[in-house]
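Now for the letters of each chain:
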Amino acid sequence: MTRTCTVAPLVVAFLLLCAHAQAQTPADAATAAFKDDVHAGAGLACASCHTAAGAGAYQTPRAAIAPLCATCHSDATYMRRFDPQVRVDQFLQYQSSTHGKRMASGEARVATCSDCHGAHGVRRVSDPRSPVAPLNVTTTCARCHGDSARMQPFGRTATPPADWSASVHAAALLTRGDASAPTCTACHGSHGATPPGVTSVANVCAQCHLREAELFRASPKKDIFDAIGQAECLVCHGNHRIESPADHWVGLQEGAVCTQCHDQASDSAKTIGGMRDGLERLSTAVSAAEALLARAEYAGMLVDEGRLALREARERQVQSRVLVHAFADEPFTTTATGGMASARQAREAGEAAMRELQVRRLGLAVTTLLLVAFLVTLGLKIRSLPDGPS
Amino acid sequence: MEQNRSRRRLLNWLLGLWGGGVLGSVFYPVVRYLAPPEIPESATLSAGAGSARLLLPNSGRVVPFGSRPAIILRTPAGELRAFSATCTHLDCTVQYRPDLQRIWCACHNGEYDLNGRNVAGPPPRPLEPFEVNVKDDEITISRTS
Amino acid sequence: MMAPRFRPWLEERLPLADAIEALRHKTVPQHRHSLWYYFGGMTLFLFGLQVGTGALLLLYYRPSAAEAYESVQFIVARVPFGWLVRSIHAWSANLMVASAFAHLFSVLFLHAYRRPRELTWVSGVLLLLLTLAFGFTGYLLPWNEISFFATRVGTDIAATVPLVGRGLVRFLRGGNDVSGATLTRLFGFHVAILPAIATALVALHLLLIQRHGMSVPPSVEERAGQDPAAVRSLPFLPHFLLRDLFAWTTTLALLAGLSTFYPWELGVKADPFAAAPAGIRPEWYFLWAFETLKYVPATVAGIEGELLAVAVMGAGAIGVLLLPFFAGHTPPARRVVVWVGIIALGFMTVMTALALTGTAP
């Protein structure tokens, strides 16, 4: 009796201790995460997906995950209950994707639904905490595609995510918060993720860079590029590491992208050289005008019309750079000339302000002369007064 | 004695001459200052936007508003509207597209509807609206307070 | 001929003859310290200039937060000679403060506050305080970044006054923080209330000077012995007035040069929601007080440091105001006044220099 009394509490304490000391089971972790899940909010529970849960089996084989999600997410009638506008073709797209095809052929080391969306804490894509939200999606893709250990068995490099991070699009998205900037999914697709066809990726670029695409397609280059099977935009601008283009990309000097195909002897050398000179002259004119206006403002003059003209010159400069994509003398030359005219207007406004400054100084000189003459005469008058000066 | 008198007269005359000059160089700027300048008000609060008669329905034009551009347009229904012409994406100057009946930005294909709301493409915010008034065929646009 | 009959016509109606007679008898003593006599008239001339240029600026200036900065920009850029009127107004304000201080200190060192000139001194000190108030209220009117934050810092100090501090700050700011309401309020002070008070005080000050004549410093009196007639003097009309005119014209030339080569800057428009830029400080004539506050420790013998400093400065101001009533008349007593003046001037100069060179405490 006494022995049970002493041992029993010890046993109970030991069991309680063990219960606390044990790490949270996967089931516990999943239950906790599921509280924030969008499915929980829709009234679903563990058994809705884990249909064999009664047997204690929660593990789902990787190849079975996508078909499992598809039982609801491809059913238009079912999904309409929760969101009448939601798409129901994700599984079809997945099956056409590289991930889906490989999974179907037995390769389990590729992405499936839960790898990107999560399993038990699934949030809406519009939720900023979701791993597939626009600002997070590249980090999610990079988990595999930036890991050389994972990519090596497939003979792929792991550089694209790092390359993209150095691009203007990454800067737009992550630094400026511009959610319209393209991420991995913009060119590769999300559910239908596939390396885009070399000739079709330009269609994606064209969605935002419409003007450049229109010009290119109307230019002689389109047929040439189709013939040699080269991607429109990628040859000069790259695919992942798209950096800010610079004026010196155009031309026949060393380092210019045109030299990939052209040299001094080619027919288009004159056009290329013309565009190069046009861009350089415009850039010099704009900088000179800016410097002059800044000087005038620093001296206290206001140059509103000059600023407006400079703004116009800058816009013409941007337009000229866009018109390079027509790869012809016109309409580039007209716009560049227009830009020169605006830059000249800006410079003239700056020069007028500086002249006005000179006019003021001249007016001051005249006034000062009058004042000095007056002071001298007054001094003489004072000295000439009777009961004289001190 | 006489010399003194005439010297004094000369001195007084010179004093009057230079003194008049000094007074003139004081009063000339004051008089010029008092006359109101051509554009009587600062163009940062309101600006002229040209003739109303010449602005046909379903057309628009970009006009200066201080040192920034503004766009004045007449809707197909005939109503005058005005907005800041600086695109809210990357500051390019927008233009009116009669074929789209929208305000369009050439830089990245952004579109705004006729209420200035951003409806397509990258622009994140609507265009700032301005008040429009017409007097004697002259349109005046001004900042809304 | 109209001219010969014009004067008798006027004299029959206006007391011109009396005024001119009084001025004709006015004399100004001539001695080694006579140069300082010019500073009173110089301050008055600069005040007149401020009223004139201020009235011109009023034709185009708009006292609201939305329009003030743009209206000053308009004056400087679009109105013919607007740049000149504005720069003269700004430069002349600074010259006037300097001239007023020079006038005060010279009167102090030359002991011109002695009986019967006590009220002249009191009205003069009040005028100096008004001049500083003019400077403070006018500084905000262009509504640029520097003046906005300088006003905020300056009005913050009013909060240290016990009991009425809170109310005083609300009175100055027209609210709890510096806003468009502050601008309108300070504008009202600057163009109406302060000028009205100043006009009355200037009239009193000038009347008293006419009544009592120019003071001769004790050292000069003693040297001249018991005979006051031995002190040489100039007639005010025309000798001294012409010399005054010489000084005023030179100042005008100086202002024109400053306005052309060092035009007053426009600055950046005030944004109440932006963070204060580094290096905010008030105008140079407040710098000594500003710097002193930085050197005062947080607490002194249990009293909040800033409160103590403001109290001391307040007491100092009252002391200056009432100086003639407790300053002694014997040579040793006068020497004390001179030394106090030298220490005060030295202190203000050193503090201003420290503030300008950016030496941190």
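Sequence order as written defines residue numbering, which begins from 1 separately in each chain. Lettering for chains starts from A, numbering for ligands starts from 1, and both go in the order in which the items are written. This being a predicted model, a pLDDT of at least 70 is required before a residue's local features are given, and a value of 80 or more before pairs of side-chain atoms are given or counted; all residues contribute to the totals for chains, interfaces and linings. As a rule here, side-chain values come from all non-hydrogen atoms in the structure, and water together with hydrogens is ignored.

A. View of the packing of aromatic side chains. Stacked, tilted and edge-to-face pairs are distinguished by plane angle, under 30 degrees for stacked and over 60 for edge-to-face with tilted covering the rest, among Phe, Tyr and Trp rings (Trp via its six-membered ring) whose centres lie within 6.5 Å. Applying the stated criterion across every chain, the model contains 22 aromatic pairs over all chains. Judged by centre distance (4.8 Å) and plane angle (55°), the ring pair of F65(B) and F130(B) falls under tilted. Of this pair, F65(B) sits in strand 2 (residues 59-65) while F130(B) sits in strand 9 (residues 129-135); the two residues are 65 residues apart in sequence, bridging distant segments of the chain. In terms of burial, F65(B) and F130(B) fall into one category: buried. Aromatic pair F45(C) and W248(C): ring centres 5.4 Å apart, planes at 5°, arrangement stacked. Here F45(C), found in helix 3 (residues 38-58), pairs with W248(C), found in helix 11 (residues 236-261); they are 203 residues apart in sequence, far enough to count as distant. The structure contains a cluster of three or more aromatic residues connected by ring pairs, namely F136(C), W284(C), Y285(C) and F286(C). Only DSSP runs of H or I with at least four residues qualify as helices, and only runs of E with at least two residues qualify as strands; both kinds are numbered from the N terminus onward. Each residue's exposure class comes from its accessible area (1.4 Å probe, protein chains only) as a fraction of the maximum for that residue type: buried when under 20%, exposed when over 50%, partly exposed otherwise.

B. The arrangement of the state of the cysteines in detail. Pairs of cysteine sulfur atoms within 2.5 Å are identified as disulfides in what follows. Throughout the structure, instances matching the rule amount to one disulfide over all chains. Disulfide partner of C92(B): C107(B), at an S-S distance of 2.1 Å. Taking the torsion about the sulfur-sulfur bond, which here is approximately -95°, the covalent link between C92(B) and C107(B) counts as left-handed. Residue C92(B) is located in the loop between strand 4 (80-84) and strand 5 (95-97), and its partner C107(B) is located in the loop between strand 6 (102-105) and strand 7 (110-112); the two are separated by 15 residues in the primary sequence. Accessibility expressed as a relative area gives 14% for C92(B), which makes it buried. Cysteine C184(A) shares no disulfide, and the gap to the nearest cysteine sulfur, in C141(A), comes to 3.9 Å.

C. Expanded view of the interface of chain C and chain B. Should any heavy atoms of two residues lie within 4.5 Å, those residues are considered in contact. Counting residues at the interface gives 18 residues for chain C and 16 residues for chain B. Buried area is calculated as the accessible area (1.4 Å probe) missing from two parts once they are joined, with the contributions of both summed. When chain C packs against chain B, the two sides together hide about 1,500 Å² of surface, and 73% of this comes from carbon and sulfur. In terms of surface lost to chain B, no three residues of chain C exceed F74(C), P80(C) and F81(C), which account for 34% of the buried area on that side. When a carboxyl oxygen of Asp or Glu is within 4 Å of a side-chain nitrogen of Lys or Arg, the pair counts as a salt bridge. Where chain C packs against chain B, one counts zero salt bridges. Counted as a polar contact is a pair of N or O atoms within 3.5 Å, where, for protein atoms, one must be capable of donating a hydrogen and the other of accepting one, and residues adjacent in sequence contribute only when both atoms are in side chains. At the junction of chain C with chain B, the criterion picks out two residue pairs in polar contact (both at pLDDT 80 or more). Elements with a minimum of two residues in the side of chain C that touches chain B: helix 3, helix 4 (68-77) and helix 5 (82-109) of chain C. Among the residues forming the side of chain C that touches chain B, the class breakdown is 13 nonpolar, one polar and four charged. Residue type decides the class: Asp, Glu, Lys and Arg count as charged, Ala, Val, Leu, Ile, Met, Phe, Trp, Tyr, Cys and Pro as nonpolar, and the leftover types, Gly among them, as polar.

D. A look at the interface of chain A and chain B. With 24 residues of chain A at the contact, the number on the chain B side is 25 residues. Taken over both partners, the interface formed by chain A and chain B buries close to 2,100 Å², and the fraction arising from carbon and sulfur atoms is 66%. For the pair chain A and chain B, the interface holds zero salt bridges. Linking chain A with chain B are five residue pairs in polar contact (both at pLDDT 80 or more). For the side of chain A that touches chain B, the secondary structure elements donating two or more residues are helix 15 (201-208), helix 16 (210-218), helix 20 (304-323) and helix 21 (332-384) of chain A. Element by element, the count of residues in the side of chain A that touches chain B is highest for helix 21 of chain A, at ten residues. For the side of chain A that touches chain B, a count of residues per class yields ten nonpolar, six polar and eight charged.

All quantities given are derived from atomic positions and should not be read as evidence of function.
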